[in-house]
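# Observations on the model geometry
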Amino acid sequence: MKLTRRELLKASAGLAAAATLGHPSMAQSPLHRVRIPSSGEMIPSIGIGCRNYRADAGYEELMVFRDTFAHYHNLGGKIVDTSPNYGNSEEVIGRIMADLGIRDELWVATKVDRENRADGISRMERSFELLAGDNFDLMQIHNLRGADVQLKTMRAWKEQGRFRYIGVTTSSDRQYDRLVEIMESKPLDFIQVDYSLGNRNAADNILPLAQDKSIAVLTNLPFGRGRLFAAVGDRAMPDWAAEIDASSWAQIFLKYVMSHPSNAIPIPGTTKPHHAEDNLAAARGRLPDANLRAEMERFIDPLLA
Ligand SMILES: NC(=O)c1ccc[n+]([C@@H]2O[C@H](COP(=O)([O-])OP(=O)(O)OC[C@H]3O[C@@H](n4cnc5c(N)ncnc54)[C@H](OP(=O)(O)O)[C@@H]3O)[C@@H](O)[C@H]2O)c1
């Protein structure tokens, strides 16, 4: 289904009021923030991943997407991650942000996923058009594809002010040797890797190297694409959840990521308003210390085995 402006406007009509109504959470404390080492800018310690914002969604689902963005923004959310690789996600969220009038208030990251220079340039120019802005906060190389070539263009465009930050992403541990090479040899503001209570491999070398090199970290798959929820099932939350002010399993999983010393920022994929609210709540209250982090690992490992 082709997404039209009219459809989004129609979707907006029924939702704008609901999305801006006062919600109890809005009165809560501000979200924790972390510092981007290369600039000193402070940004919220959690984002939203947009892999599933599909243009072929039906009308009702489109309305829910829009409401999710409105709710996320109203509750203090700022960081948005997408890619031209996620179907029509850039088009869908570009229209939603423009329609809500919040594009300039959000911190938008997208990606480039092409091998050669010309293809990379046209892909990135298209992202500018779809995401309805003059500049991006962060442009990332998706899954390290064409890294050497694309980083040259990205560095030049960063100097021209078209991106504020540049980075590279992967969600595969198999790419870590190549990722280390790039981190060792190229100036990067950000990396984005898979790091969660269910996959801690990035903590062996990648996250410590990011700390050494003063590179900020976004983490994809903080729920292992739902695997962590399946592992805990309908179990009651452990008593230690109260020690970190966690009122849901999602908050436990996200607080584990955020409490890594690299100041990792999880970007949970979220297409529902109540999930956005739940996830933002993880960026408030206490975080686990090293002892509790170890206890969380001992808790989850047998459930994932
Ligand atoms: N190589 C790369 O660059 C790369 C690879 C993978 C992912 N990513 C990025 O990382 C983001 C996250 O990855 P992902 O979306 O694949 O996986 P994920 O964040 O691990 O899991 C997303 C799933 O969790 C559900 N969920 C979200 N909040 C929840 C909550 N509070 N309670 C219960 N369920 C909840 C979502 O449902 P709803 O949609 O129904 O809310 C969705 O089914 C992506 O959107 C993308 O931006 C990047």
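One numbering rule holds for all chains: residues counted from 1, following each sequence as written. Given that this is a predicted model, residues contribute local features only at a pLDDT of at least 70 and side-chain atom pairs are listed and counted only at 80 or more, while totals for whole chains, interfaces and linings are drawn from all residues.

### So, the site of the ligand
We count a residue as near a molecule or strand when its backbone-placed C-beta atom lies within 6 Å of that partner. For the ligand, the set of nearby residues contains 29 residues, the closest of which are G49, R51, N220, A250 and G269. The dominant element in the shell around the ligand, judged by the number of residues it contributes, is helix α10 (residues 273-281), at three residues. Throughout this entry, Asp, Glu, Lys and Arg are counted as charged residues, while Ala, Val, Leu, Ile, Met, Phe, Trp, Tyr, Cys and Pro are counted as nonpolar. The remaining residues, Gly among them, count as polar. In terms of residue class, the shell around the ligand is built from eight nonpolar, 16 polar and five charged. Labels follow the DSSP assignment, with helices taken as runs of H or I lasting at least four residues and strands as runs of E lasting at least two, numbered in each case from the N terminus.

### Observations concerning the environment of S89
Relative to the helices and strands, S89 resides in helix α3 (residues 89-100). By the C-beta count within 10 Å, which is 24 here, S89 ends up buried. Any pair of residues counts as being in contact when their C-beta atoms, constructed from backbone geometry, are within 7 Å of one another. Excluding residues within four positions of it along the chain, S89 makes contact with C50, R51, Y53, T82 and S83. Each residue is classified by how many other C-beta atoms fall within 10 Å of its C-beta atom, where C-beta atoms are placed from the backbone; a count of 20 or more means buried, 12 or fewer means exposed, and values in between mean partly exposed.

### Examining the sheet that holds strand β10 (residues 265-266)
Strand pairs in the sheet, formed through backbone hydrogen bonds, run parallel or antiparallel to each other. Pairing within the open sheet is parallel, and its eight strands lie in the order β3-β4-β5-β6-β7-β8-β9-β10. Either end of the sheet is taken by a strand with one partner, and the two such strands are β3 (47-49) and β10. With four bridges connecting them, strand β5 (residues 107-112) and strand β6 (residues 136-141) associate as parallel partners. Within β6, the position partnered with V112 by the bridge is I141. Contacts from helix α5 (residues 147-159) reach β5, β6 and β7 (163-169) within the one sheet, and its direction differs from that of β7 by about 165°. Pairing between two strands requires that DSSP report at least two bridges joining them. Lines fitted to the C-alpha atoms define the axes, with helices restricted to the stretch that makes contact. Angles between their N-to-C directions range from 0 to 180 degrees.

### A look at the confidence of the model for the protein
Detail in the predicted coordinates should be disregarded across regions flagged by low pLDDT. Confidence of the predictor at the level of single residues is captured by pLDDT, which takes values from 0 to 100. With 91% of its residues at a pLDDT of at least 70, the protein reaches an overall mean of 92. Taken together, the stretch residues 12-27 has pLDDT below 50 and engages in 18 contacts with residues farther than four places along the chain or on a different chain.

### Comments concerning the environment of H260
On the secondary structure map, H260 appears in the loop between α9 (249-258) and β10. What makes H260 buried here is the crowd of 21 C-beta atoms within 10 Å. In sequence terms H260 and P288 are 28 residues apart; their C-alpha atoms lie 9.2 Å from each other. Those residues in contact with H260 that sit more than four places away from it in its chain are A203 and L207.

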